[in-house]
Amino acid sequence: MKREYKEIIKILGKNKVRINEPMENHTTFKIGGPADLYYEAKTNQDLVKVIKSVSKLSVPYFILGNGSNLLVGDKGYRGMVIKNLVSGAKVIRKLKKPIKFEKIKGVPYKAADPKKYLNVIGLDYPDERLDTEVEVQAGTSLQSFIRWSFKQKLAGLQWFAGIPASVGGAVIHNAHGFTRLFSSYISELRVLDKRGIVRSVKASEIDFGYGFSNIQQKYLALLSIRLLLSSQNTAQAKATYEEWRQRKLVIQPQTNCPGSYFKNISEDLAKKIGAPTPSAGWLIDQCGLKRVKIGKVQVSEKHANFIVNFDGAKAADVVKLVTLIKKKVKEKFGIDLEEEVVRIGEF
Ligand code: EPU
């Protein structure tokens, strides 16, 4: 075993660090070889301590949330995977003056076939005014956080129903729900900066885009998040959450997949090629790729932007299928699809 690994095990305790942990047990895709080292952080002190140790010893690390949106290579990860299990949320303050919700443009969503795929009819309504600040730990499950917010009679997060992420993952990848981006609700973040100091940064200091933020480039870790929610219309928000979740259940595979595989294209590009929607699923579907299978992975028959693992699939088969999809979409539409799912480890 590497000298640095021995050192880390000594610092964190032999019974706290797992060796050669199969990552297929920790991703929603249920794919992935072993991580050399694996550690579960249950408090912020744990998290800060482990990240400082691996950084000091130059051991590569990856902070894992809920394991969605992720493809780990069959040969596994050389370094330490740190599972963030630090969870909890609290109400911080009521704003003196509520502020208007600012919808950020740039979520490429348009239902071309609103009845057949995601039925969005009668779902949308004007956004709430934001008047209450809450704080949540990055390792909290997004769905339990949303349910907690409803218990506090707070609305806003209903559009993120059913996304199987941790709150930290939803922030780092700037999750999108319907036409809203998660970043629209964020006021402040608590991070571990590159010098190993815990500090607060304003949301305006971060670059956020559709499915994107620069948090991982700028900081060693995201610890907690402050968001602005609304005490208006909470009954409607809760009903919308349930309804939206049900509608998604019908058309999106729920297990053994990482979520949508490719990013949607921009609305401008969709217009240019005469596509009725920017949906990557539509482009893939038009290429006749639904149900195409390589090894034990298949393009879902429910929705063409989902790649599903039929028990025991290999990352290598996913890569082959992704390559085929990209090739066909390029041939038919002249478009390079961009992957939304993040790859880590050795393939
Ligand atoms: N369509 C097809 N065939 C398909 C799938 C879709 O023709 O196999 C067409 C239909 O015409 C449909 C349109 O594409 O009306 C749009 O499809 P859908 O309503 O399912 O939305 P999407 O744009 O494909 C996006 C997100 C989903 C998110 C939904 C709802 C991306 C890449 N996908 O899907 O996000 O749940 O909108 O907000 O942005 C995720 O990112 O993991 C994800 C699931």
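Being a predicted model, the structure only gives us computed values, none of them experimental.

Peer 1: Which residues make up the site of the ligand, and what values do they have?
Peer 2: Taken together, 29 residues are adjacent to the ligand, and Tyr210, Asn264, Asp285, His303 and Glu340 come closest. Between the ligand and the protein, one listed contact pairs an oxygen atom with a side-chain N or O atom of lysine 290 at 3.4 Å. In this structure, histidine 303 approaches the ligand through a side-chain N or O atom, which is 2.7 Å from an oxygen atom. Expressed as a share of its isolated accessible area of 830 Å², the protein-covered part of the ligand is 93%. Of all elements in the fold, only α6 (234-251) and α8 (280-286) reach the threshold of two or more residues within the shell around the ligand. For the shell around the ligand, a count of residues per class yields 13 nonpolar, ten polar and six charged.

Peer 1: Which residues make up the pairing of strand β3 (residues 61-64), and what values go with them?
Peer 2: Look at any regular strand and the pattern is simple: side chains alternate between the two faces of the sheet. Residue alternation in β3 divides its side chains into a buried set, Phe62 and Leu64, and an unburied set, Tyr61 and Ile63. Of the pairings in the sheet, the one linking β3 to strand β5 (residues 77-84) comprises four bridges and is parallel in character. Paired with leucine 64 across the strands is lysine 83, a residue of β5.

Peer 1: With reference to specific residues and values, describe unusual backbone geometry.
Peer 2: A positive phi angle is found at phenylalanine 178, which is not glycine, with a value near 55 degrees. Within the secondary structure, phenylalanine 178 sits in the loop between β8 (176-177) and β9 (180-181). A positive phi angle, near 45 degrees, is found at asparagine 233, a position not held by glycine. Looking at the secondary structure, you find asparagine 233 in the loop between β14 (221-229) and α6. With relative accessibility at 39%, the residue asparagine 233 sits in the partly exposed group.

Peer 1: How would you explain the nonpolar core if you had to name every residue and give the values?
Peer 2: Core analysis: the biggest nonpolar cluster contains 48 residues, and Val171, Phe182, Tyr185, Leu189, Leu222, Ile225 and Leu227 have the highest contact counts within it. Elements that contribute at least two residues to this core include exactly β7 (129-137), α3 (142-151), α4 (167-172), β10 (186-192), β14 and α6. With sequence-adjacent residues up to four places away left out, tyrosine 185 is seen in contact with Phe101, Asp127, Leu130, Gly156, Leu157, Trp159, Phe160, Arg180, Arg226, Leu227, Leu228 and Leu229. Formed by 28 residues, the second largest nonpolar core is a distinct cluster that contains Ile307, Val318, Leu321 and Ile335.

Peer 1: Help me get a handle on the sheet that holds strand β15 (residues 293-294), residues and values and all.
Peer 2: Pairing within the open sheet is antiparallel, and its three strands lie in the order β15-β16-β17. Every other strand in the sheet has two partners, leaving β15 and β17 (307-309) as the edge strands with one partner each. In this structure, β15 lies alongside strand β16 (residues 297-299), joined through two bridges in antiparallel fashion. When the bridges of β16 are listed, lysine 293 appears paired with glutamine 298.

Thresholds, definitions, all that
Residues numbered from 1 in each chain as written. Predicted model: local features only at pLDDT ≥ 70, side-chain atom pairs only at ≥ 80, totals over all residues. Heavy atoms only, no water. Near = heavy atom within 4 Å. Polar contact = N/O pair within 3.5 Å; in protein donor to acceptor, adjacent residues only side chain to side chain. Areas by Shrake-Rupley, 256 points an atom, 1.4 Å probe, with all protein chains shown as cover. Helix = DSSP H or I, 4+ residues; strand = E, 2+ residues; numbered from the N terminus. Nonpolar A, V, L, I, M, F, W, Y, C, P; charged D, E, K, R; others polar. Buried < 20%, exposed > 50% of the residue type's maximum accessible area, 1.4 Å probe, protein only. Pairing = 2+ DSSP bridges. Core = buried A, V, L, I, M, F, W, Y, C linked by side-chain atoms within 4.5 Å. Contact = heavy atoms within 4.5 Å.

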